[in-house]
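Structural characterization, general
Spelled out, the chains give:
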Amino acid sequence: MDLVVIGLGYVGLPLVREACRAGLQVGGLDRDARVVAGLKAGLSHIDDVAPAEVADMLAAGFAPSLDEDVLEGARTVVICVPTPLSPDGGPDLTAVRGAAETVARHLQPGTLVVLESTTYPGTTEEVVRPILETSGLVAGEEFHLAFSPERIDPGNAVYGVRNTPKIVGGLTAACATAAAAFYGKFVERVVQAKGTREAEMAKLLENTYRHVNIALVNEMAVFCNELGIDLWDAIDCAATKPFGFQAFRPGPGVGGHCIPIDPNYLSYKVRSLGYPFRFVELAQEINDRMPRYVAERAQQLLNREGRALKGAKVLLLGVTYKADIADQRESPARPVARRLARLGADLSFHDPFVTEWQVDGAPVPPADGDLPTVLADADLVIVLADHAAYDAETLTRHARLLFDTRGRTRDVQLETVELL
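About the cut-offs
- Residues numbered from 1 in each chain as written.
- Predicted model: local features only at pLDDT ≥ 70, side-chain atom pairs only at ≥ 80, totals over all residues.
- Heavy atoms only, no water.
- Helix = DSSP H or I, 4+ residues; strand = E, 2+ residues; numbered from the N terminus.
- Rg over C-alpha atoms; globule rule 2.2 N^0.38 Å.
- Contact = heavy atoms within 4.5 Å.
- Areas by Shrake-Rupley, 256 points an atom, 1.4 Å probe, with all protein chains shown as cover.
- Lys, Arg positive; Asp, Glu negative; His and termini not counted.
- Charge placed at Lys NZ, Arg CZ, Asp CG, Glu CD.
- Pairing = 2+ DSSP bridges.
- Axes fitted to C-alpha atoms, helices over the stretch in contact; angles between N-to-C directions.
- Core = buried A, V, L, I, M, F, W, Y, C linked by side-chain atoms within 4.5 Å.
- Buried < 20%, exposed > 50% of the residue type's maximum accessible area, 1.4 Å probe, protein only.
- UniProt positions renumbered as here; feature names shortened; annotations may be inferred.

Looking at the overall build of the protein
- A count of helical and extended segments in the protein gives 13 helices and 15 strands.
- Against the 2.2 N^0.38 benchmark of 22 Å for 420 residues, the protein shows a C-alpha radius of gyration of 23 Å, consistent with a compact globule.
- Seen through its principal axes, the protein has C-alpha atoms that stretch 75 × 50 × 40 Å.
- Taking as baseline every contact in the protein between residues at least 6 positions apart, the subset at least 24 positions apart corresponds to 69%.
- Here the protein has roughly 18600 Å² of accessible surface; of this, 52% comes from carbon and sulfur atoms.
- Looking at the protein, you have 41 positive and 56 negative side-chain charges, and the mean spots of the two groups are 3 Å apart.

Some remarks on the sheet that holds strand S10 (residues 346-350)
- The strand order across the open sheet built from 5 strands is S10-S9-S13-S14-S15, with neighbouring strands paired in parallel fashion. Both outer strands of the open sheet, S10 and strand S15 (417-419), are each paired with one neighbouring strand and no more. Across the sheet, the mean angle separating the axes of adjacent strands is 20° when strand polarity is ignored.
- Where strand S13 (residues 380-383) lies against strand S14 (residues 402-404), 3 bridges are found, and the strand directions are parallel. Within S14, the residue paired with isoleucine 382 across the bridge is phenylalanine 403.

Some words on the nonpolar core
- Counting residues in hydrophobic clusters, the biggest one holds 38 residues, and the most contacted among them are Val314, Leu316, Leu340, Trp357, Leu380 and Ile382.
- Taken together, the elements giving at least two residues each to this core come down to helix H7 (196-227), helix H8 (231-238), helix H10 (278-304), strand S9 (313-317), helix H11 (333-342), S10, strand S11 (357-359) and S13.
- The biggest single contributor to this core is H10, with 7 residues.
- The contact partners of isoleucine 382, leaving out residues within four places of it in the chain, are Val294, Ala298, Val314, Leu315, Leu316, Leu317, Leu340, Phe403 and Thr405.
- The next biggest cluster of nonpolar side chains, apart from the first, holds 37 residues, and it includes Ala99, Val113, Ile167 and Cys175.

Comments concerning the UniProt feature "domain: UDP-glucose/GDP-mannose dehydrogenase C-terminal" (unreviewed entry) in the protein
- As annotated in UniProt, the feature "domain: UDP-glucose/GDP-mannose dehydrogenase C-terminal" (unreviewed entry) corresponds to residues 315-411 in the numbering used here.
- Counted over residues 315-411, helix gives 25% and strand 22%. Its end C-alpha atoms are 22 Å apart.

Structure (structure tokens):
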């Protein structure tokens with residue numbers, strides 16, 4: 001194999017697709033039997049890779065496997081396994097360590113090993129390198145080792161693996177050159193970082209920047225509501241400045257694997273130095289409290305209309321973490337629903353990308369009927385994901401009371417519509 005990708009999920013599978021398109025012989029290793037069986041059958045389990053594309057990958061020789069023997073003789077191995085948070089808020093590197101141990105059992109001289117899983121600075125050198133060197137080979141001398149942060153944006157139809165600049169940081173200059181040459185086969189632009197730690201930091205900087213700025217506008221949304229200021233309009237006005245400003249908009253919380261998770265890796269590393277990373281910790285506190293704030297605003301809206309939240313029919317529109325995809329990872333819809341349920345709301349949900357949904361193991365019923373019907377039937381509708389199907393005209397025409405946390409209706413002036 002020219003390439004074996006370990007972890008065939010949201011990061012690994014798009015990488016496989018682009019490598020296959022470039023003519024590389026690609027193998028894949030995943031421990032989930034359902035994922036491997038589905039891929040072998042030409043099915044896709046992620047939004048960004050269509051079944052037809054999986055069929056093309058298989059026709060090009062893609063070999064998904066549960067057996068680590070697929071690593072034998074691989075020229076390049078890329079590790080794309082998940083790095084969730086541990087119970088103490090630090091990174092859980094169980095999957096990374098396991099993948100590195102697997103690679104070490106099959107490592108041969110001259111192999112390039114790349115870690116793409118997001119983690120704290122130092123992981124490639126301090127965690128992955130020692131494990132790989134249990135093979136008896138020395139990193140930087142007998143095999144190449146690099147870090148290259150994934151930059152997958154699920155649902156983005158414009159930017160993907162091929163046309164998003166690829167950062168690579170090598171353990172040595174030769175490692176960086178090898179990694180750049182590999183990715184250069186199917187990525188339009190490769191950017192070489194000074195080393196693995198700089199490449200690891202670049203990813204965390206990108207997402208910490210977003211995390212902090214989203215927290216800023218989320219906190220502003222709270223006090224702008226009290227001051228009677230339309231923050232959405234203020235942001236739109238500020239965004240007309242052609243320099244020195246980037247627009248971020250408030251929401252019911254943050255979701256996905258990146259923004260709610262990645263800054264904690266950096267905070268974990270900073271805490272190991274003996275002091276807190278106050279910016280990240282404050283941003284986390286603000287963003288984490290938004291679902292509770294949404295539930296409180298919902299209760300206030302119903303009170304204004306002479307209704308109690310307890311027993312009220314509350315329809316949640318969109319339960320994925322971002323627009324027009326099925327990905328529910330860390331979706332703020334769950335903590336919003338959890339809070340509303342505790343307050344006695346009669347919940348239902350509508351999402352064109354989700355057919356079944358649970359909160360804490362309890363199923364939330366899908367709304368029965370077409371969108372106009374379910375909007376009209378609810379005492380309160382809360383927009384939590386800005387799917388394209390939720391156009392302002394339909395929402396405002398049929399919903400009796402609408403709380404819009406995504407700004408779909410920000411150009412509408414009605415007493416029955418309220419923005420976050």
